[in-house]
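# Observations on the model geometry
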Amino acid sequence: MGDRDSIGSGPAPLDASKLKVTLSETLKPLQPIETLRFGQSFSDHMIVANYDPETGWSAPEVKPHGPITLDPACSCFQYGGNVFEGMKAYLGPDGKARLFRPDMNMRRLERSCGRLALPPIDGDVVLELIKCLVDLERRWIPKESGYSLYLRPTVIATRPGLGVIASDHAMLYILASPTGPYFQVLKPVSLLAVSDNVRAWPGGTGGHKIAGNYSPGFLPQQAATAKGYDQILWLFGDDRRITEAGAMNFFVVVKRDDGDGVDLITAPLDGTILPGVTRASCLALAGDPEFQKESSLRLHPREMVYTMSDLAKWSSEGKLLEALAIGTAVIIGPCNRIGHEGKDIVLPGAGMGPVGTALRKKILDIQEGRTEWKGWGVVCP
Ligand SMILES: *Cc1c(COP(=O)(O)O)cnc(C)c1O
């Protein structure tokens, strides 16, 4: 105890000013951008920090990207203690690297850690570390529009032992991966609406970005692929409420009865929906008079419960105009058909129309630094 410099003040908080830098001896060659596949290649370095219940957070360290060594009894391997974030750094025409609303990712990371009873972590400090990594790995950000450096901050439970209890040890690591458009340039995706498997349920963890939410979806995803669909539209409940598409939020654009423009509809944040940064940004833009003016669109953002029968009804009445899958990786992508009980709902214009197009353009302009918008683009470092 005597040699701790934090006596009396508890375990040390994460501190970006203590960052140690161990650079890689040889830097990897950059890959031609056409060959980039989402999350398949990584930059030269990563940032790592460890939490010990006695001493707190270690000095974070930049080190070469590579394997980590852990006791196989660690909580993350046995009980799935693992939370993560997904964000992107874009290179602007001014040569600056920008993150998109990273504070929202950091608050979500704090909430995810809290939900899994992981040691507390200060998201603002994680953001400082992310900015350091982006600055260090600038050469990995492709300059072409739609390309970016995908960042994957991860916190894992590293308590070594089989006790079924909260982990009092943790590791933070931040990976960087150069990435292109998630799907081939705006190739529409087809969705299979599924209700025999559910992604999330009231009181569950679907509203948090925790690893355990994802692997149970792989088997239903394989079944959907075998039936010729790209992604799953997750339904919930006897009334077949629409929740999310794959690991993306889902929006539909519906013509209004009063003729006053269109509704932009998505499910409410009731704990079964991941509170996406892109989702929140689309809702905010849709309700913003300035955006409506510049896009010449009359939009009514609505977070509401809606079901498969609503979709079928709107479609048969010709009111279902667009269906959009939304998230950091894809930004905004069209859904061209939705299969349910042997029939397909087919979207006009392959799912994308003026609303999806205007939202996508605006968000990409902000992300790539062509437009200033309410402080959403945050320059690194
Ligand atoms: C990450 C994620 C999203 C999208 O969130 P963004 O913050 O926009 O990237 C949507 N749904 C699920 C299940 C997710 O994991």
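For every chain, the first residue of the written sequence is number 1, and numbering continues from 1 along that sequence. Totals for whole chains, interfaces and linings use every residue, but because this is a predicted model, local features are given only for residues with pLDDT of at least 70 and side-chain atom pairs only at 80 or more, for both listing and counting. Only hydrogens and water are set aside; all other atoms, that is, all heavy atoms of the structure, feed into the side-chain values.

Below, the discussion takes up the overall build of the protein. Looking only at helices and strands, the protein features eight helices and 19 strands. Radius of gyration here uses only the C-alpha atoms, and the compact-globule reference equals 2.2 Å multiplied by the residue count raised to the power 0.38. Here the C-alpha radius of gyration of the protein, 22 Å, is about what a compact globule of 381 residues would show, namely 21 Å. For the protein, the spread of C-alpha atoms along the three principal axes comes to 75 × 50 × 40 Å. Residue pairs at least 24 apart in sequence account for 71% of intrachain contacts in the protein once pairs closer than 6 positions are excluded. All accessible areas in this document rest on Shrake-Rupley with a 1.4 Å probe, and a residue is counted as covered only by the protein chains that are shown. Accessible surface, the protein as shown: approximately 17100 Å² in total, 54% of it carbon and sulfur. Charge convention: Lys and Arg are scored as positive, Asp and Glu as negative, and His as well as the terminal groups of each chain are ignored. Think of each charge as sitting on NZ of Lys, CZ of Arg, CG of Asp or CD of Glu. Both charge centroids of the protein, one from 41 positive and one from 43 negative side chains, sit 4 Å from each other. Where helices and strands are cited, they refer to DSSP runs of H or I of at least four residues and of E of at least two residues respectively, numbered from the N terminus. Contacts between residues were defined by any pair of non-hydrogen atoms, one from each residue, lying within 4.5 Å.

Turning to the site of the ligand, a few remarks are in order. Surveying the vicinity of the ligand reveals 14 residues, the closest of which are Lys209, Tyr214, Glu244, Thr278 and Thr328. Any N or O atom pair separated by 3.5 Å or less is treated as a polar contact, with the protein-specific requirement of one donor-capable and one acceptor-capable atom, and with residues adjacent in sequence counted only for side-chain atom pairs. In this structure, Lys209 approaches the ligand through a side-chain N or O atom, which is 2.7 Å from an oxygen atom. Glu244 places a polar side-chain atom, nitrogen or oxygen, 2.5 Å from a nitrogen atom of the ligand. Relative to its unbound accessible surface of 380 Å², the ligand loses 96% to contact with the protein. Where the shell around the ligand is concerned, the elements lending two or more residues are strand S13 (248-255) and helix H5 (277-286). Only a single heavy atom is needed: when it lies within 4 Å of a molecule or strand, its residue is near that molecule or strand.

When a carboxyl oxygen of Asp or Glu is within 4 Å of a side-chain nitrogen of Lys or Arg, the pair counts as a salt bridge. One pass over the structure, following the stated rule, counts 22 salt bridges. The closest approach of N and O atoms between Arg241 and Asp239, which form a salt bridge, is 3.1 Å. Whether a residue is buried, partly exposed or exposed follows from its accessible area with a 1.4 Å probe, protein chains only, as a fraction of its type maximum: under 20%, in between, or over 50%, in that order. Given a relative accessible area of 37%, Asp239 falls into the partly exposed group. A salt bridge links Asp365 to Arg370, with the shortest nitrogen-to-oxygen separation between them at 2.8 Å. The class of Asp365 is buried, set by a relative accessible area of 11%. Under the relative-accessibility criterion, Arg370 is labelled partly exposed at 44%. Through salt bridges with shared partners, one network takes in Arg256, Asp258, Asp263 and Arg302.

Further remarks concern helix H3 (residues 123-136). By this rule the span expected of a helix is its residue count minus one, scaled by 1.5 Å. Compared with the 20 Å implied by 1.5 Å per residue over 14 residues, the 20 Å span of H3 between its first and last C-alpha is a close match. In this structure Asp122 caps H3, since a side-chain oxygen of it lies 2.9 Å from the backbone nitrogen of Asp124.

Turning next to the domain arrangement of the protein. Domain boundaries shown here were taken from an automatic or database domain assignment. Here the protein is described as being made up of domain 1 (16-179) and domain 2 (189-371). Once you take the C-alpha centre of each, domain 1 and domain 2 turn out to be 28 Å apart. Each of two parts loses accessible area, computed with a 1.4 Å probe, when they are put together; buried area is these two losses added. Interface area lost by domain 1 to domain 2 is led by Tyr90, Phe100 and Arg108, which between them contribute 30%. At the boundary of domain 1 with domain 2, the tally comes to zero salt bridges. Connecting domain 1 to domain 2 are 10 residue pairs in polar contact (both at pLDDT 80 or more). Here the side of domain 1 that touches domain 2 takes six residues from helix H2 (residues 102-115), the largest share from any one element. The class makeup of the residues in the side of domain 1 that touches domain 2 is 11 nonpolar, seven polar and eight charged. Each residue receives one of three labels: charged for Asp, Glu, Lys and Arg, nonpolar for Ala, Val, Leu, Ile, Met, Phe, Trp, Tyr, Cys and Pro, and polar for the others, Gly being one of them.

So, on to empty space enclosed by the protein. As defined here, a cavity is a set of points on a 1 Å grid over the protein atoms alone where a 1.4 Å probe fits but cannot get out. A pocket is an open set with protein on both sides within 12 Å along at least five of seven lines, and residues line them when an atom is within 4 Å of a point. Grid points are joined across faces, edges and corners, and a volume is the space filled by probe spheres set on the points. Scanning all chains against the criterion turns up two cavities of 30 Å³ or more. Quantified by volume, the largest cavity comes out at close to 80 Å³. No other element matches strand S12 (residues 241-245), which puts three residues into the lining of the largest cavity. A breakdown of the residues in the lining of the largest cavity according to their chemical character gives eight nonpolar, two polar and two charged. Size it by volume and the second largest cavity reaches roughly 60 Å³. Considering the residues around the second largest cavity, the lining is formed by Gly86, Met87, Lys88, Tyr90, Phe100, Asn105, Val277, Thr328 and Gln367. Sort the elements by how many residues they give to the lining of the second largest cavity and strand S6 (residues 87-91) lands first, with three residues. For the lining of the second largest cavity, a count of residues per class yields four nonpolar, four polar and one charged. Counting contributing residues, the lining of the second largest cavity receives three or more from each of domain 1 (16-179) and domain 2 (189-371).

Glancing now at unusual backbone geometry. Each neighbour pair has its own omega, and for Cys380 with Pro381 the value is -5°, a cis peptide bond. With respect to the element layout, Pro381 can be found in the segment after strand S19 (377-380). Of note, Arg240 is a non-glycine position whose phi angle comes to about 55°, a positive value. For Arg240, the location among the structural elements is in the loop between strand S11 (231-236) and S12. Residue Arg240 is classed as partly exposed on the basis of its relative accessible area of 28%. With a phi close to 65°, Ile331 is a non-glycine residue in the positive phi region.

Another point: the packing of aromatic side chains. Planes of paired rings set the category: under 30 degrees apart is stacked, over 60 is edge-to-face and the rest tilted, where pairs are Phe, Tyr or Trp rings (Trp by its six-membered ring) whose centres lie within 6.5 Å. Scanning the model with the defined rule gives five aromatic pairs in all. Ring geometry for Tyr51 against Trp57: centres 5.3 Å apart, planes inclined by 65°, an arrangement best described as edge-to-face. Residue Trp57 is classed as buried on the basis of its relative accessible area, which comes to 5%. A ring pair is formed by Phe100 and Trp376, whose centres lie 5.9 Å apart and whose planes are at 85°; its orientation type is edge-to-face. Of this pair, Phe100 sits in strand S7 (residues 97-100) while Trp376 sits in the loop between helix H8 (354-367) and S19, and the two are 276 residues apart along the sequence. You can call Phe100 buried: its relative accessible area is 8%. In this scheme, the term charge over a ring applies when either NZ of a lysine or CZ of an arginine sits within 6 Å of the ring centre and within 35 degrees of the ring normal. Of note, Arg101 hangs over the ring of Trp376, and the distance from its end group to the ring centre comes to 3.9 Å.

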